[in-house]
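# Chain and residue survey
The chain contents come next:
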Amino acid sequence: MNIVCFGANGATGRLLVRQALTEGHAVTAFTRHPEAFPIRDDRLQLAGGDVLDPSAVDKAVSGQKAVLSCLGVPFSRKPISVFSHGMANILQAMRHHGVRRLACVSATPVDPRYDTRGGFIFEKALKPVISRTIGRTMYHDLRRMESLVTQSDLDWTILRPSGLFAASSITDYQVTGGLTAGQFTSRTDLADCLLRQLDDDWSIHRALAVTTVSGQPGFLRFFLTEVIGKKTALPARSACPPAASEGRPSMGAACGRRPL
Ligand SMILES: NC(=O)c1ccc[n+]([C@@H]2O[C@H](COP(=O)([O-])OP(=O)(O)OC[C@H]3O[C@@H](n4cnc5c(N)ncnc54)[C@H](OP(=O)(O)O)[C@@H]3O)[C@@H](O)[C@H]2O)c1
């Protein structure tokens, strides 16, 4: 399948591109820094551009069968608009070229029922503080993005991970339309979940929480790597064979505990 990945040069995006190529897709990786993109493959095309540039987005979406987005920006107290403006451009380009399938990454705090069952201190102290301070502008823009997506007439799926962390293999992660089961999501699981949307009709027009059930990093490690900004190194390689038809996502919707 011809797919374009926005946010391809990010921590999740690189995993997504590698996994998509391994599964045989023809991938267009959209990034502002194609010269710094570390992956080369016969089925990979690099599309240099800014998602805020409608013409660059339009060109990248042309000829695709599906769009996957894991765009991201760091937490900031300043206003953030990359998610909503970028998605507006993506949606416009999809309509222009008749591309219908979209899966994009948001975040669990955007869900009004957000409850990761993280215990009293996490739920009542840490989470509200993050949501109201450093995360406020990001979640605000992610809500705007979700609103644009859900109001579109396209075949969309929104994936909401919890705190992201690096892991070396795909696990039996949980995908649910209800309450999340955990505070953390590995990027390998998130990348796999994005890919699974390509052949899954059940998830169309749903916003789904994605959480990693086993091997969670703990709040301190997450805080140091993700909030303070010291991201752990990306795995050197990742590969996930095509999953058998999984149908309706549920517990263990991933392709299992496969070493990468
Ligand atoms: N970190 C967490 O704990 C957490 C929790 C829940 C949800 N999320 C969400 O998960 C997603 C993926 O996170 P991540 O940490 O894997 O992402 P990341 O490493 O921050 O990568 C995001 C990528 O987005 C691209 N990007 C940003 N602005 C762009 C622009 N104007 N035009 C084109 N590309 C742009 C950048 O690529 P270039 O610089 O190459 O263009 C960047 O590499 C994000 O949406 C994030 O909000 C994160």
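All figures in this text were calculated on a predicted structure; none of them were measured in a lab.

Our focus in this paragraph is the site of the ligand. Surveying the vicinity of the ligand reveals 24 residues, the closest of which are N9, G10, T12, R32 and G72. Split into classes, the residues belonging to the shell around the ligand amount to 11 nonpolar, nine polar and four charged.

Quick look at the confidence of the model for the protein chain now. Mean pLDDT for the protein chain: 85, with 85% of residues reaching 70 or above. Here residues 230–260 scores under 50 on pLDDT; set against residues more than four positions off or in separate chains, the count is 71 contacts.

What follows concerns helix α6 (residues 187–196). Of all 10 residues in α6, 10 are buried, a share of seventy percent or more. Taken residue by residue, α6 has R187, T188, D189, L190, A191, D192, C193, L194, L195 and R196 as its buried positions.

To continue, consider the packing of helix α2 (residues 54–61) against helix α3 (residues 82–97). Where α2 meets α3, the closest approach of the two axes is 9 Å, and the angle between their N-to-C directions is 45°. Between α2 and α3, the interaxial angle falls into the category oblique. Taken as a pair, α2 and α3 cross one another with a handedness that is right-handed. Only N89, I90, Q92, A93, M94, H96 and H97 of α3 make contact with α2, whose side of the interface consists of P54, V57, D58 and V61. When its residues are assigned to classes, the contact of α2 with α3 shows six nonpolar, four polar and one charged.

On to helix α5 (residues 136–151), then. When the terminal C-alpha atoms of α5 are compared, their 23 Å separation across 16 residues agrees well with the 22 Å that a helix rising 1.5 Å per residue should span. Here α5 has its buried residues at M138, Y139, D141, L142, M145, E146 and V149. Down the axis of α5, the buried set is contained in an arc of 160°. They therefore lie on one face.

Consecutive side chains of a regular strand alternate in pointing toward one face of the sheet and then the other. Bridge count between strand β6 (residues 155–161) and strand β11 (residues 206–211): five bridges; the pairing is parallel. Across the sheet, the residue bridging to I158 is A207, located in β11. With three bridges joining them, strand β9 (residues 174–176) and β11 adopt antiparallel strand pairing. Among the inter-strand pairings, V175 is bridged to a residue of β11, identified as V210.

Below, the discussion takes up the nonpolar core. Formed by 59 residues in total, the largest nonpolar core has its most connected members in C5, L16 and L194. It is α3 that contributes the most residues to this core, seven residues altogether. Apart from residues no more than four positions distant in its own chain, C5 is found in contact with G13, L16, V17, V27, A29, F30 and L68.

Our focus in this paragraph is the sheet that holds strand β1 (residues 2–6). Across the sheet, which stays open at both edges, the eight strands sit in the order β3-β2-β1-β4-β5-β6-β11-β9 with mixed pairing between neighbours. The outermost strands of the open sheet, each flanked by one partner alone, are β3 (44–48) and β9. Between one strand and the next, the sheet's axes are offset by a mean angle of 20°, whatever the strand orientation. Packing of α3 onto the sheet brings it into contact with β1, β4 (66–69) and β5 (101–105), and relative to β4 it is tilted by some 175°.

This part covers the pairing of β1. Among the five residues of β1, four are classified as buried, and the element is accordingly described as predominantly covered. Relative to strand β2 (residues 26–31), β1 is paired through five bridges, and the arrangement is parallel. For C5, the partnering residue across the bridge sits in β2 and is A29. In this view, the connection linking β1 to its parallel neighbour β2 by way of helix α1 (residues 11–22) has right-handed handedness. Direction of pairing for β1 relative to β4: parallel, over a ladder of four bridges. Residue V4 lies in a different strand from β4, and its bridge partner there is V67.

Calculation notes
Along each chain, the written sequence defines residue order, and numbers are assigned to residues from 1. Local features in a predicted model are, by the rule used here, given only for residues with pLDDT of at least 70; side-chain atom pairs are given and counted only at 80 or more, and totals for whole chains, interfaces and linings are based on all residues. Each residue gets a C-beta atom placed from its backbone. If that atom is within 6 Å of a molecule or strand, the residue is near it. Ten residue types, Ala, Val, Leu, Ile, Met, Phe, Trp, Tyr, Cys and Pro, are classed as nonpolar, four, Asp, Glu, Lys and Arg, as charged, and the remainder, Gly among them, as polar. Values of pLDDT, the confidence the predictor places in each residue, fall between 0 and 100. Two residues form a contact once the distance between their C-beta atoms, set from the backbone, is within 7 Å. Residue burial is a threshold on neighbouring C-beta atoms within 10 Å of the residue's own C-beta, all placed from the backbone, with 20 or more meaning buried, 12 or fewer meaning exposed, and counts in between meaning partly exposed. Each helix corresponds to a stretch of at least 4 residues labelled H or I by DSSP, and each strand to a stretch of at least 2 residues labelled E; elements are numbered beginning at the N terminus. Helix axes use the C-alpha atoms of the stretch in contact, all axes being lines fitted to C-alpha atoms, and the angles between their N-to-C directions lie in the range 0 to 180 degrees. Relative orientations are named as follows: roughly parallel for angles under 35 degrees, roughly antiparallel for angles over 145 degrees, roughly perpendicular for angles from 65 to 115 degrees, and oblique for any other angle. In this scheme the handedness of a crossing depends on how the near helix is turned from the far one: anticlockwise by less than a right angle means left-handed, clockwise means right-handed. Each residue after the first adds 1.5 Å to the expected span of a helix. This arc is built from the directions going out from the helix axis to the C-beta atoms. In this analysis, strands are considered paired if DSSP registers two or more bridges between them. For this entry, the nonpolar core is defined as buried Ala, Val, Leu, Ile, Met, Phe, Trp, Tyr and Cys residues connected by C-beta atoms within 7 Å. Crossovers are described as right-handed under a simple rule: with the strands pointing away from the observer, the path leading from the first strand over the helix to the second runs clockwise.

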